[in-house]
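Now for the letters of each chain:
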Amino acid sequence: MALGDPAGRGCAGGGARIGKGAGYSDLEFALLMEAGLMRRDTLVVATVHTLQVIGDPIPVTDHDVKVDLIITPEEVIPVPSLRRLWDVGT
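Residues numbered from 1 in each chain as written. Predicted model: local features only at pLDDT ≥ 70, side-chain atom pairs only at ≥ 80, totals over all residues. Heavy atoms only, no water.

1. Quick word on the sheet that holds strand 3 (residues 17-18)
Part 1: Spatial ordering of the open sheet is given by 3-2-5, a layout of three strands whose pairing is mixed. This sheet does not close on itself; its edge strands, each paired only once, are strand 3 and strand 5 (53-54).
Part 2: Sheet topology places strand 2 (residues 10-12) next to strand 3; two bridges connect them, and they run antiparallel. In the sheet register, glycine 10 faces strand 3, and the bridge partner there is isoleucine 18. (Pairing = 2+ DSSP bridges. Helix = DSSP H or I, 4+ residues; strand = E, 2+ residues; numbered from the N terminus.)

2. So, the pattern of salt bridges
Part 1: Scanning the entire structure with this criterion turns up one salt bridge.
Part 2: Here arginine 39 ties to aspartate 41 by a salt bridge, and the two come within 2.9 Å at their closest N and O atoms. (Salt bridge = Lys/Arg side-chain N within 4 Å of Asp/Glu carboxyl O.)

3. Overview of the environment of serine 25
Part 1: Tracing the backbone through its elements, the reader meets serine 25 in helix 1 (residues 24-34).
Part 2: Since its relative accessible area comes to 14%, serine 25 is described here as buried.
Part 3: Distance from serine 25 to valine 65, taken between C-alpha atoms, is 8.3 Å for residues 40 residues apart in sequence. (Buried < 20%, exposed > 50% of the residue type's maximum accessible area, 1.4 Å probe, protein only.)

4. A look at helix 1
Part 1: Listing the buried residues of helix 1 in full gives Ser25, Asp26 and Phe29. End-on view of helix 1: buried residues confined to an arc of 105°, all on one side of the axis. Those residues of helix 1 that are exposed and aimed more than 90 degrees away from the buried face are Tyr24, Leu31 and Glu34.
Part 2: A positive backbone phi angle near 75° is found at glycine 36, which sits one or two residues after helix 1. (Arc of directions from axis to C-beta.)

5. A few points about the environment of threonine 42
Part 1: Considering the arrangement of structural elements, one finds threonine 42 in the loop between helix 1 and strand 4 (43-47).
Part 2: Since its relative accessible area comes to 2%, threonine 42 is described here as buried.
Part 3: Taking the C-alpha atoms as reference points, threonine 42 and aspartate 68, separated by 26 residues in sequence, lie 9.3 Å from one another.
Part 4: Polar contacts involving the side chain of threonine 42 include one to the main-chain amide nitrogen of arginine 39, which spans 2.8 Å. (Polar contact = N/O pair within 3.5 Å; in protein donor to acceptor, adjacent residues only side chain to side chain.)

Laid out in structure tokens, this is it:
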């Protein structure tokens, strides 16, 4: 199963999502998990323009959901395995 990230404004090369702020997308991911509509193995994909991918790391917190793939018109960027919201405390 794959899940797009339509609310994202961009991504850092390490998979961190750049959103609108306030953690709304992360809350949506948590609600999807709670409702059984998203599983631990769900692939999270961000489709962004090349200009929306930054190479520098950005700060993240434990509740931030990171992407598995960043897809631009020019390339598919795989992201190394990352700790996710549902892995916190495990």
